[in-house]
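Structural features, examined
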Amino acid sequence: MTAPKPQPTPRPGVLDIAAYVPGKEHAPGVARVFKLSANETPLGPSPKAIEAFKAAAGQLERYPDGQATALRAAIGTTFRLNPANIMCGNGSDELLGLLCHTYLGPGDEGIVTEHGFLVYKIQITAAGATPVTVKEKDCRVDVDAILAAVTPKTKAVFIANPGNPTGTYVPVAEIRRLQASLPPQVLLVLDAAYAEYVRRNDYEAGLEIVSSCQNVVMTRTFSKVYGLAALRLGWLYAPEHIIDALDRVRGPFNISAPGIAAGAAAMADQGFIEQAVSFNAEWIGKLTQAFEALGLEVTPSVTNFVLIHFPDVEGKRAADADDFLTARGYILRAVRSYGFNNALRMSVGPEEANLGVIEALREFMGRG
Ligand SMILES: *Cc1c(COP(=O)(O)O)cnc(C)c1O
């Protein structure tokens, strides 16, 4: 018997992480597949972004601009922000990780909500800190539950607003109340990945609150309505002291040159975004109505996806619907890992897919 050879071991916490499992992409044996499981836009990116991406192919031997100046300038122009308060990342996923690795460590707690985005928990744990999960109320973030969970160890609070996979939102007055009640040394992270889709007077993505507070950060993405998920582009808006800290930790060339070029062009083409938002609003309404007419419960959504709850009846559960839809080429997202055992999340797709899912669920529910 020889003792096992010592081997490198990850830091405490790393092996506690349940790795992120993306939604499925394939339906074996089905000729035509519609992937409606990742909240990607059916409209693609602005043609101007594709053009800029192609033009960047001529200089692939050069390092990108490590400050992503052109991209930060384009974002600043669109939202009337000082580019000094903007940082870009390799998807907002990278930025969420950076925030955790910069502000949390062993012994610290990060608050997340029951149905919140799984990346928060993963990155809090990866930083050696402890995620503390608080309940939501009817698929909505509950500000009082968050406040009740704050301890002297709390370093950060992560909220997806709007939420994924719920599609609900927290009104700006509630976000303000949360900020005002949190100790000023606790970082409040507002993940506004779906902000562009929201058409509500009482919603604010975080621009105003970040501008007036020293402990709030808003993250955004090019992966959803901007149609650039493949490029991995996100950005955050934060007070200067936070940008300064994150800038020390991030990779010096974390955004690619084609990403900077395509992102800046996409940001400048706001006409394209408005059309995409209108297309989405129309289908969110139609899908919600159609599914409710079939007797399914749909959580009211302000995003580009709907959370569909299935009856707790043999043969009619979410897992059955998932199989039924997959066999017909419609891939939705199972959301058990988000705390929904009997629901599926469907992204708004092209018209043909949306109508196809309505038809298929009509058959599934025996309303054909
Ligand atoms: C899709 C999504 C993001 C975007 O992540 P990227 O890394 O920018 O692609 C962030 N937060 C939530 C809640 C999302 O659903």
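Residues numbered from 1 in each chain as written. Predicted model: local features only at pLDDT ≥ 70, side-chain atom pairs only at ≥ 80, totals over all residues. Heavy atoms only, no water.

As named in an unreviewed UniProt entry, the chain is Histidinol-phosphate aminotransferase, taken from Allorhizobium borbori. Taken verbatim from the UniProt record of the chain, the Catalytic activity (unreviewed entry) comment is "L-histidinol phosphate + 2-oxoglutarate = 3-(imidazol-4-yl)-2-oxopropyl phosphate + L-glutamate". Quoted verbatim from the Subunit (unreviewed entry) heading of the UniProt record, the comment on the chain is "Homodimer." (UniProt positions renumbered as here; feature names shortened; annotations may be inferred.)

Describing the packing of aromatic side chains
Within the structure shown, the criterion is met by eleven aromatic pairs. With 5.7 Å between their ring centres and 75 degrees between their planes, Phe-117 and Tyr-120 make a pair best called edge-to-face. The pair Phe-117 / Tyr-120 is uniform in exposure class, with both members buried. Linked through ring pairs, Tyr-20, Phe-117, Tyr-120 and Phe-158 together constitute an aromatic cluster. For Lys-286, the ring lying beneath its charged end belongs to Trp-283, and the centroid distance is 4.7 Å. Across the ring face of Phe-324, the terminal group of Arg-328 is positioned such that the distance to the ring centre comes to 3.5 Å. (Phe/Tyr/Trp six-rings, centres within 6.5 Å; stacked < 30°, edge-to-face > 60°. Buried < 20%, exposed > 50% of the residue type's maximum accessible area, 1.4 Å probe, protein only. Lys NZ or Arg CZ within 6 Å of the ring centre and 35° of its normal.)

Topic: the site of the ligand
All residues adjacent to the ligand are Gly-91, Ser-92, Asp-93, Phe-117, Asn-164, Asp-191, Ala-193, Tyr-194, Thr-221, Ser-223, Lys-224 and Arg-232. The separation between an oxygen atom of the ligand and a polar side-chain atom of Lys-224 is 3.3 Å. Protein contact buries 94% of the 380 Å² of open area that the ligand shows by itself. For the shell around the ligand, the element with the most residues is helix H3 (residues 91–103), which contributes three residues. Per-class residue counts for the shell around the ligand are three nonpolar, five polar and four charged. (Near = heavy atom within 4 Å. Polar contact = N/O pair within 3.5 Å; in protein donor to acceptor, adjacent residues only side chain to side chain. Areas by Shrake-Rupley, 256 points an atom, 1.4 Å probe, with all protein chains shown as cover. Helix = DSSP H or I, 4+ residues; strand = E, 2+ residues; numbered from the N terminus. Nonpolar A, V, L, I, M, F, W, Y, C, P; charged D, E, K, R; others polar.)

Observations regarding the UniProt feature "domain: Aminotransferase class I/classII large" (unreviewed entry) in the chain
UniProt marks residues 33–357 with the feature "domain: Aminotransferase class I/classII large" (unreviewed entry), using the numbering shown here. Each end of residues 33–357 is marked by a C-alpha atom, and these two atoms are 12 Å apart; helix forms 39% of the span and strand 18%.

As for the side chain of Thr-154
With respect to the helices, strands and loops of the structure, Thr-154 is situated in strand E7 (residues 154–160). By relative accessible area, Thr-154 is classed as buried at 4%. Here Thr-151 takes part through its backbone nitrogen, which lies 2.8 Å from a polar atom of the side chain of Thr-154. Look past the residues within four positions of Thr-154 in its chain and what remains in contact with it is Glu-109, Ile-111, Ala-149 and Val-186. (Contact = heavy atoms within 4.5 Å.)

Topic: the sheet that holds strand E12 (residues 305–309)
Taken in spatial order, the four strands of this open sheet run E11-E12-E15-E14, and their pairing is antiparallel. Two strands close off the open sheet at either side, each with one partner strand: strand E11 (297–299) and strand E14 (333–334). For E12 and strand E15 (residues 343–347), the ladder comprises five bridges, and the chain directions are antiparallel. Among the inter-strand pairings, Ile-308 is bridged to a residue of E15, identified as Leu-344. Seen against the sheet, helix H10 (residues 270–293) touches E11, E12 and E15 and runs at an angle of roughly 10 degrees to E12. (Pairing = 2+ DSSP bridges. Axes fitted to C-alpha atoms, helices over the stretch in contact; angles between N-to-C directions.)

Comments concerning helix H11 (residues 318–327)
Looking only at H11, the buried set comprises Ala-318, Ala-321, Asp-322, Phe-324, Leu-325 and Thr-326. Looking at the buried positions of H11, the neighbouring elements they touch are strand E13 (330–331), E14, E15 and helix H12 (351–364). Count one or two residues on from H11 and you reach Gly-329, which has phi positive near 90 degrees.

Regarding the environment of Pro-83
When you line up the elements, Pro-83 lands in the loop between helix H2 (69–79) and strand E2 (86–89). Using a relative accessible area of 30% as the deciding quantity, one classes Pro-83 as partly exposed. Separated by 14 residues in sequence, Pro-83 and Thr-69 place their C-alpha atoms 8.2 Å apart. Residues contacting Pro-83, with those up to four places away along its chain left out, are Arg-72 and Ala-73.

Quick notes on the sheet that holds strand E8 (residues 187–191)
Taken in spatial order, the seven strands of this open sheet run E2-E10-E9-E8-E7-E3-E4, and their pairing is mixed. This sheet does not close on itself; its edge strands, each paired only once, are E2 and strand E4 (130–134). Averaged over all neighbouring strand pairs, the angle between strand axes comes to 25 degrees, with direction disregarded. As judged from the five bridges shared by strand E3 (residues 109–113) and E4, these two strands associate in the parallel manner. Across the sheet, Thr-113 pairs through a bridge with Val-134, a residue of E4. Contacts from helix H4 (residues 118–126) reach E3, E4, E7 and E8, with the element oriented near 150 degrees to E4.

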